[in-house]
Amino acid sequence: MKRVHVSWNLAKKAVAFVVGLGALGIVGGTLVFAASTSDFSQTINAGTLATDIRSNSTTSVSSPSVSMTAKTFSFNCQSGGSASTGTFGTSSQRVYVDNPDAADNGWTLTLAATNGATSTWANGGATQKFDFNDSSGSGCTDGADADAFGGQLTVDPSVGTTTADYSGSSTTGISLGSSASYVQGATDSVTLVTASSGSADVWRGYFTGISMSQSIPAEQAADTYTINLTLTATAQ
């Protein structure tokens, strides 16, 4: 009885396993294989549209920064040719966009103040400030906005360079933006790059050489000032 019981369990398990695979049949009490091949299924989903600052070895830069030219205290506003300048996107801090089949109708890359349109340049203790988005007096004087500071930041992506960083990809349909100055309530975000629907659905590349220029109001106190800006990639 014990042998019969064990034999039946083994046979039952074998048949259950075969039926589960759907690859066997029983003909005249004999187990018959229907096929020796199996169909495997694999799904690869589209990724997420993203932007980042990366080094020339494509590693993410933990604390990216832009160094504007140092200026000397002046009793006059420093704007135009005498403004402080800098470059956003260098060989060691490249502005990247990854489109892993996530934005087939195109995308835009924009730059705006992290803390919003009421942000200012400020020293370490925030006791001295000047503006980045006040157009009054060509960025030299305080205008109608809520703060009491003059100053204006201008961004010119058009002088930059676009580089495709993906095998088989190109820069077709990728356009650098035009020069624009921040104006509170009117231009709170500047478009650096626009990718049309004709651009590659799968694309990775970076941007360098974007020009930055900041007007500094007259008699601005000697100190070190910073402001934080954020990149945003948005699908069209």
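These remarks concern the structure in this document. Quick caveat, the model's predicted, so the values are computed rather than measured. (Residues numbered from 1 in each chain as written. Predicted model: local features only at pLDDT ≥ 70, side-chain atom pairs only at ≥ 80, totals over all residues. Heavy atoms only, no water.)

1. Topic: the state of the cysteines
Then step 1. Tallying each qualifying case throughout the model produces 1 disulfide.
Then step 2. Disulfide pairing is shown between Cys 77 and Cys 140; the S-S distance is 2.0 Å. Because the torsion about its S-S bond is -80°, the bridge between Cys 77 and Cys 140 counts as left-handed. With a gap of 63 residues between them, Cys 77 in the loop between strand E3 (50-54) and strand E4 (84-88) and Cys 140 in the loop between strand E8 (129-130) and strand E9 (152-156) connect regions that are remote in the sequence.
Then step 3. We classify Cys 77 as partly exposed; its relative accessible area is 22%. (Disulfide = S-S within 2.5 Å. Helix = DSSP H or I, 4+ residues; strand = E, 2+ residues; numbered from the N terminus. Buried < 20%, exposed > 50% of the residue type's maximum accessible area, 1.4 Å probe, protein only.)

2. A word on the sheet that holds strand E6 (residues 107-113)
Then step 1. The strand order E11-E13-E6-E16 describes an open sheet built from 4 strands, whose pairing is antiparallel. Both edges of this open sheet fall to strand E11 (174-176) and strand E16 (229-235), since each of them pairs with a single strand only. Strand-to-strand twist in this sheet, taken as the mean axis angle between neighbours without regard to direction, amounts to 25°. (Pairing = 2+ DSSP bridges. Axes fitted to C-alpha atoms, helices over the stretch in contact; angles between N-to-C directions.)

3. Focus on the sheet that holds strand E15 (residues 210-215)
Then step 1. Taken in spatial order, the 4 strands of this open sheet run E4-E15-E9-E12, and their pairing is antiparallel. In this open sheet, the two strands that pair with only one neighbour each are E4 and strand E12 (180-181).
Then step 2. Pairing between E9 and E12: 2 bridges, direction antiparallel. Across the sheet, Thr 154 pairs through a bridge with Ser 181, a residue of E12.

4. Notes on the pattern of salt bridges
Then step 1. The tally for this structure, following the rule as stated, stands at 3 salt bridges.
Then step 2. Asp 52 is paired through a salt bridge with Arg 54; the nearest N and O atoms lie 3.3 Å apart.
Then step 3. Between Arg 54 and Asp 98 there is a salt bridge; the shortest N-O distance is 2.6 Å. Of this pair, Arg 54 sits in strand E3 while Asp 98 sits in strand E5 (residues 94-100), and the two are 44 residues apart along the sequence.
Then step 4. Here Asp 98 falls in the buried class, since its relative accessible area comes to 17%. (Salt bridge = Lys/Arg side-chain N within 4 Å of Asp/Glu carboxyl O.)

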